[in-house]
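Chain and residue survey
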Amino acid sequence: MTAKIIDGHAVARHVRQECREATEALKRRGVHPGLAVVIVGDNPASQVYVANKIKACEEVGLKSTVHAFAADTSDGEIEACIQRLNADPAVHGILVQLPLPSHFDVRRVLGAISSDKDVDGFHLYNVGGLVVGDNTIFPPCTPFGVQKMLEYENIPVEGQNVVVVGASNIVGKPMALMLMQKDATVCICHAKTRDLAQFTILADILVVAAGKPNLILPQMVRHGAVVIDVGINRLPNGRLVGDVDFEGVRQKASYITPVPGGVGPMTVTMLVHNTVQSASRFAQNAAGL
Ligand code: GUN
């Protein structure tokens, strides 16, 4: 068996087209969806991510603003900026680019974002919504993107064995909760898991977000499994790879995502989706619906 490669760019184009149409409809009703991005310090990777987010907003027709601060800015100044954005009716989504410089209390900063503008889905209210299965919250963008890819390819989730490798707050934990909500049987593995292969071999759907090149080898994957690689690793030779031995595993899997060009394009796309969703909720509330 050779796996079908899930083209993240194609799925992202499809979702962005839906967002573009929804944005045009909102603009006709006088609501122009807006995203505000707060960035602190000069982390080069963060600067690239923020530039990509702004570009994606422009492509779909959203308004975006960047609020850039020096690394030695105080918590109070960042929180004051967030409070202004919370109160600004032209802003429907607020995102604080992570990581923040080490002197910040990240929980406190993220907690200052109004939960109904928290398009990254990192506020505890939105995290709690994932736990109880409330579909009015903002799901975090990367696992939401994975879920969209599975839907786009008509891959069933209900009753499937899902193994998530990586237990981060941004990907692994929310991914597990979202797939549990769709009635999958979910197992989370992490850096302390003994004999990872005894778990991964059971997976009908394997989602890997560990940040380790070649962590997943063909002998760890069941024939016909769906393999979603969320990892992005730069090798010493400059090549970008995921966490999965792509060439080996594609011989056994039924579906596989490449790196680059798999989950990556979906993360930014779902941020745009969440912002349009937020603007549409604001428009409904303003109309008293
Ligand atoms: N840094 C790495 N990934 C993310 C993300 O999804 N959102 C934010 N705000 N920062 C990040």
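What counts as what
Residues numbered from 1 in each chain as written. Predicted model: local features only at pLDDT ≥ 70, side-chain atom pairs only at ≥ 80, totals over all residues. Heavy atoms only, no water. Helix = DSSP H or I, 4+ residues; strand = E, 2+ residues; numbered from the N terminus. Rg over C-alpha atoms; globule rule 2.2 N^0.38 Å. Buried < 20%, exposed > 50% of the residue type's maximum accessible area, 1.4 Å probe, protein only. Contact = heavy atoms within 4.5 Å. Areas by Shrake-Rupley, 256 points an atom, 1.4 Å probe, with all protein chains shown as cover. Lys, Arg positive; Asp, Glu negative; His and termini not counted. Charge placed at Lys NZ, Arg CZ, Asp CG, Glu CD. Pairing = 2+ DSSP bridges. Axes fitted to C-alpha atoms, helices over the stretch in contact; angles between N-to-C directions. Polar contact = N/O pair within 3.5 Å; in protein donor to acceptor, adjacent residues only side chain to side chain.

1. Re the overall build of the protein chain
For the protein chain, the count of helices and strands is ten helices and eleven strands. Relative to its length of 289 residues, the protein chain is compact, with a C-alpha radius of gyration of 19 Å against a globular reference of 19 Å. Residues classed as buried in the protein chain amount to 49% of the 289 residues present. Within the protein chain, contacts between residues separated by at least 24 positions form 71% of all contacts whose residues are at least 6 apart in sequence. When the accessible area of the protein chain is evaluated, it comes to approximately 13400 Å², of which 54% is carbon and sulfur surface. Averaging the coordinates of the 26 positive side-chain charges in the protein chain and doing the same for the 27 negative ones gives two points 2 Å apart.

2. Quick notes on the sheet that holds strand β2 (residues 34-40)
A sheet is described by the order of its strands in space; here three strands give the open sequence β3-β2-β4, paired in parallel fashion. For this open sheet the edge positions go to β3 (63-69) and β4 (93-96), each flanked by a neighbour on one side alone. The sheet shows a mean angle of 15° between the axes of neighbouring strands, direction not considered. Along the sheet face, helix α2 (residues 44-60) touches β2, β3 and β4 and points at about 170° away from the line of β2. Its contacts with the sheet place helix α3 (residues 75-87) against β2, β3 and β4, and it is angled at close to 180° to β2.

3. Let's talk about the side chain of Q97
Looking at the secondary structure, you find Q97 in the loop between β4 and α4 (106-112). Within polar-contact distance, the side chain of Q97 engages the side chain of K53 at 2.7 Å. Among all residues touching Q97, those that are not within four sequence positions of it are V38, I39, S46, Y49, V50 and K53.

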